[in-house]
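# Report on the structure
So the chains spell out like this:
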Amino acid sequence: EKDIKSLGERGIRTLAVAKTSNESSEWIFLGLLTFLDPPRPDTLQTIKDARQYGVAVKMITGDHLLIAKETCRRLELGSHIMASDVLPSLDGNTRQKPPNLSRDYGNLILEADG
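To keep things clear, this report deals only with the structure shown in the data block. (Residues numbered from 1 in each chain as written. Predicted model: local features only at pLDDT ≥ 70, side-chain atom pairs only at ≥ 80, totals over all residues. Heavy atoms only, no water.)

## Considering unusual backbone geometry
Threshold: To qualify as a helix, a DSSP run of H or I must reach at least 4 residues; to qualify as a strand, a run of E must reach at least 2; elements of each kind are numbered from the N terminus. Whether a residue is buried, partly exposed or exposed follows from its accessible area with a 1.4 Å probe, protein chains only, as a fraction of its type maximum: under 20%, in between, or over 50%, in that order.
A positive phi angle, close to 55 degrees, is found at Glu76, a residue other than glycine. Tracing the sequence through the fold places Glu76 in the loop between helix H3 (65-74) and helix H4 (101-111). For Arg95, which is not a glycine, the phi torsion comes out positive at approximately 65 degrees. Relative accessible area serves as the criterion here: at 53%, Arg95 is assigned to the exposed category.

## Re the pairing of strand E1 (residues 13-20)
For clarity, the cut-off: By the convention used here, strands pair only if DSSP detects at least 2 bridges between them.
Note: E1 against strand E2 (residues 27-35), eight bridges, orientation antiparallel. The residue bridging Thr14 from the neighbouring strand is Thr34, located in E2. In textbook terms, the turn of a hairpin is the stretch between consecutive antiparallel strands, and for E1 and E2 this stretch comprises six residues.

## Some details on the environment of Leu77
The condition that has to hold: Every residue pair with non-hydrogen atoms within 4.5 Å of one another is taken to be in contact.
Among the secondary structure elements, Leu77 is positioned in the loop between H3 and H4. Measuring from C-alpha to C-alpha, the distance between Leu77 and Asn93 comes to 36 Å, with 16 residues separating the pair along the chain. In this structure, Leu77 is in contact with Ile47, Arg51, Val57, Met59, Cys72, Asp113 and Gly114, ignoring residues within four places of it in sequence.

## Brief notes about the side chain of Glu70
In plain terms, the rule: Whenever two N or O atoms come within 3.5 Å, that pair is a polar contact, provided that in protein one can donate a hydrogen and the other can accept it, and provided that, for residues adjacent in sequence, both atoms are side-chain atoms.
Within the element layout of this structure, Glu70 appears in helix H3. For Glu70, the side chain forms a polar contact with the side chain of Arg73, separated by 2.7 Å. Every residue in contact with Glu70, bar those within four places of it in the chain, is listed here: Gly8, Glu9, Arg10 and Gly11.

Here it is as structure tokens:
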């Protein structure tokens, strides 16, 4: 876990690899695969251009929070980043958005700068 955190803080994604043997259903950890998926080379300039036109840039990602923080650092975005657990989600039964979405979450999103 310490290694994964350290890699994530540098923007490096990790994937744990494990297998089972024919004799046992117990998982055996084999190691970590690491890979980079940096922002496109033109992304920083695109963000700067958007800001010159008054656009408040927000990043939405499915990445782990550590990866998101490093991406924001590279793209000169802010550090007020929200984890997905504070964001609204669709109703599990109806698949509808929460009522009063903008009233209840609008300011939360506006305050985020990452």
